[in-house]
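Listed below, chain by chain, are the residues.
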Amino acid sequence: MSRTQNSIGTWIGWTFFADLANGLALTFGYMFSRSVTMQYPDKEKWLPYSRYRGHHFLKRDEEGEIKCVACELCARICPCYCIEVVPYEDEKGNRRPLKFEIDTARCLFCGLCEDACPADAIALGQQYEFSSFSSRDLVIGRDDLLAKPGKAAMGGGVVAARLDTKKDVLVETSETRGYNWWRNIRRT
Amino acid sequence: MELVVALGLIVFKVALLIAFLLLLPLPLTWVERKIAGHIQQRLGPMRVGWHGLLQPVADGIKLLTKEDHIPAEADHFLFKLAPILALAPPFVVFVAIPFGESVSVLGNEITLYVSNMNVALLFVFAVIGLEVYGVIFGGWAANSKYAVLGSLRTCAQMISYEIPMGFAVIGVVMLAQSMSLLDIVRAQADVWNIVYQPIGFFVFFVAGLAEAQRIPFDLAEAEGDLGAGFHTEYSGIRFAFFMVSEYVIMLLVSVLAVILFFGGWNGVLVPLPPLLWFALKVAFFVYLFMWFRFTFPRYRYDQLMAIGWKVLLPLSMANIIITGIAFS
Ligand code: SF4
Ligand code: SF4
């Protein structure tokens, strides 16, 4: 009995376009909900989690010496052969890299170099804004790698950004970690 | 002297109308993209000008400076003719559309319409039907399978919606005892036609959606399955012609819906200037079109024909009969 009522109700609904009206009401509701767009790079940008594999950087030890021992393991394991290490012996008699170049144009950011390194000298940071008009600029040398920002303690937040990347874009973050993507997405 | 003034006035009105209609798609594309964005929880264009207000201008400049490409195997004559055929009729139709009674400027009464034809409604439907040729020729001349499929669908679509659309307005004509759009609006001074003609309005609106080739009936340019349908091969300024034509037709269907069923410039409750009432109502319908576009999926074209022949046509005939019995 309820079934017939149901089907009659459905038919009445169809006659008055209940389903179409439902859809319209839903989209109307969405129209006045907050948007989830992140206006990168005009206003804000996404700071990745620390597990993110971005631009490489070389670490220093406590004395401020480069950690790398120029064992070339990273160059060996690299699937793209994009690391080039030339060792030399410094004043203290330690084996250090004279030349350490990563061709980030060819790098696939697999992170294997980080895993292979026995001295914990190389790692992939969170920086992802290093596009360039020339692929030659993408070959990064030792000193540049040492100067690159290391891993940030926080991640997953939204920080303010400016269009002009020449200036310092990282501003103190309002929302340090775990930006809630679902916050503005209504699920009904 | 009298004649010169009258002629000059008409030329001025036509020029104003053309400029208005040519420029209107600019804000309309912006509005449409904003509505699309916000319905999908995006922001829409934001970067050119304040909240992307200059985006349509940027798009326009881009379209004007793009290469005007004609495929090697295309039928050159038809290919060049089609955008003009698509663009001209919607503009011509507006000659017969009244925007209000009259305003007095410097003591002279100036009517807010170019011409008051006694068969305006017939004229509108006859001329607007021509627009379809632009779409058909465009699809055919491009010599591309997607374009041909698009124009085939247009043919099928046209015969299924134009007839119910024509029948749907007969009820209005019966009520006003006139085919002049001016008289039709005057007849609605007290009660809008939507009260007497809900079925007629429904049929007209659904057919109008098909006429304007908007979702849910935008089969001719279904992006999902036909690339861009009939204008797949068009680029640059010719493509812009098709876009402008589409927007002007959307506007036209809104204007017709307002004039035929929603009392034209007759207001209710709030006393606003008639022209403002008219603009508000038209804006509502334009918004409705855009809102529909980002809510509904597209009908298959056999479904469109089924709707046209099996639902809309009987409904519109029933509407004529009911109107005839009730108001004779
Ligand atoms: S991340 Fe992978 S590809 Fe890039 S340098 Fe390291 S090992 Fe090579
Ligand atoms: S970065 Fe690590 S693996 Fe690569 S050469 Fe230096 S110490 Fe060896």
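Note that the structure is predicted; figures quoted are calculated from it, not measured.

Student: Any chance you could explain the overall build of chain A here in plain terms?
Tutor: Along the backbone of chain A there are five helices and seven strands. In sequence order, the secondary structure elements of chain A are arranged as α-α-β-β-α-β-β-α-β-β-α-β. Looking at chain A as a whole, 33% of its 188 residues are labelled buried. Of the contacts made within chain A by residues no fewer than 6 positions apart, 67% connect residues no fewer than 24 positions apart.

Student: Would you mind showing me how to read the UniProt feature "transmembrane region" (unreviewed entry) in chain A here?
Tutor: Here the UniProt-annotated "transmembrane region" (unreviewed entry) positions come out as residues 12-33 of chain A. Taken end to end, residues 12-33 of chain A is 82% helix and 0% strand, and its first and last C-alpha atoms sit 31 Å apart.

Student: I would appreciate a short explanation of empty space enclosed by the protein in the present structure.
Tutor: The method is simple in principle: a probe with the dimensions of a water molecule rolls over the atoms, and the space it marks as empty is what remains. Residue and element names in this part refer to chain B. A complete count under the given rule lists six cavities of 30 Å³ or more for this structure. Around the largest cavity, the lining is made up of 14 residues, and of these Glu131, Phe230, Phe242, Ser245 and Glu246 lie nearest the centre. If you list the elements that add at least two residues to the lining of the largest cavity, you get α5 (120-141) and α12 (236-261). Looking at the lining of the largest cavity, the element that brings in the most residues is α12, giving five residues.

Student: Looking at this structure, how should I read helix α13 (residues 274-293) of chain B?
Tutor: One turn of an α-helix holds 3.6 residues; hence residues three or four places apart share an orientation. For α13(B), spanning 20 residues, the distance from its first C-alpha to its last is 29 Å, which sits close to the expected 28 Å at 1.5 Å a residue. Against α2 (18-31) of chain A together with α2 (25-39), α10 (198-211) and α12 of chain B lie the buried residues of α13(B).

Student: Sorry, what's going on with the environment of Ala82(B) here?
Tutor: All names here are of chain B. Of note, alanine 82 is situated in helix α4 (residues 76-93). Sequence spacing of alanine 82 and isoleucine 136 is 54 residues, and the spatial spacing of their C-alpha atoms is 8.0 Å. In this structure alanine 82 touches Gly134, Phe137, Gly138, Tyr234 and Phe242, once residues within four positions along its chain are discounted.

Student: What exactly am I supposed to notice about the confidence of the model for chain A here?
Tutor: Should the pLDDT be low somewhere, the predicted coordinates at that spot are not to be read in detail. In this model, chain A carries an average pLDDT of 81, and 82% of its residues clear a pLDDT of 70 or more. Note on residues 168-175 of chain A: pLDDT is under 50 here. Beyond four places in sequence and across chains, it has 20 contacts.

Student: Would you explain the pairing of strand β3 (residues 83-89) of chain A in this entry?
Tutor: Regular strands have side chains that alternate between both faces of the sheet. Residues and elements named next belong to chain A. Where β3 lies against strand β4 (residues 95-103), seven bridges are found, and the strand directions are antiparallel. Looking across to β4, one finds that isoleucine 83 is bridged to isoleucine 102. The loop that links β3 with its antiparallel partner β4 comprises five residues; one of these, glycine 93, has a positive phi angle of about 85°.

Student: Hey, could you run me through the sheet that holds strand β6 (residues 139-140) of chain A in this one?
Tutor: Pairing between the strands of a sheet is mediated by backbone hydrogen bonds and can be parallel or antiparallel. Residues and elements named next belong to chain A. Taken together, three strands build an open sheet; the order of strands is β3-β4-β6 and the sheet is antiparallel. Each edge of the open sheet is held by one strand with a lone partner, namely β3 and β6. Relative to β6, β4 runs antiparallel, the two being bridged by two bridges. For aspartate 103, the partnering residue across the bridge sits in β6 and is valine 139.

Student: What exactly am I supposed to notice about a nonpolar patch on the surface here?
Tutor: A cluster of nonpolar side chains, Leu23(B), Leu26(B), Trp50(B), Leu53(B), Leu54(B), Val57(B) and Ile61(B), forms an exposed patch at the surface whose accessible area comes to about 700 Å². Relative to the helices and strands, Leu54(B) resides in the loop between α2 and α3 (55-65).

About the thresholds
- Throughout, a residue's number is its position along its own chain's written sequence, starting from 1.
- Labels are handed out in written order, letters beginning with A for the chains and numbers beginning with 1 for the ligands.
- Whole-chain, interface and lining totals are the exception, using all residues; otherwise, since this is a predicted model, local features are given only for residues with pLDDT of at least 70 and side-chain atom pairs are given and counted only at 80 or more.
- The basis for the side-chain values is all heavy atoms of the structure; hydrogens and waters are excluded.
- Note on conventions: DSSP H or I runs of at least 4 residues are helices, E runs of at least 2 residues are strands, and numbering of each starts at the N terminus.
- Accessibility here uses a 1.4 Å probe with only protein chains present; expressed as a share of the type maximum, an area under 20% marks a residue as buried, one over 50% as exposed, and anything in between as partly exposed.
- Throughout, a contact is declared for two residues whenever any of their heavy atoms are within 4.5 Å.
- UniProt positions are given in the numbering used here, feature names are shortened, and annotations may be inferred rather than shown by experiment.
- For each structure, a 1 Å grid was placed over the protein atoms alone; sets of points admitting a 1.4 Å probe that cannot get out are labelled cavities, open sets with protein on both sides within 12 Å along at least five of seven lines are labelled pockets, and lining residues have an atom within 4 Å of a point.
- Grid points are joined across faces, edges and corners, and a volume is the space filled by probe spheres set on the points.
- Expected helix span is computed as 1.5 Å times (number of residues minus one).
- Every residue carries a pLDDT, the predictor's confidence in it, which falls somewhere between 0 and 100.
- A pair of strands is treated as paired once DSSP finds two or more bridges between them.
- A patch is a set of surface residues, each over 30% in relative accessible area and not in a salt bridge, joined within 9 Å for like charges and within 5 Å for the nonpolar side chains Val, Leu, Ile, Met, Phe, Trp and Tyr.
- Accessible areas in this description were obtained via Shrake-Rupley with a 1.4 Å probe; residue shielding takes into account the shown protein chains only.
- Each reported salt bridge corresponds to a side-chain nitrogen of Lys or Arg within 4 Å of a carboxyl oxygen of Asp or Glu.

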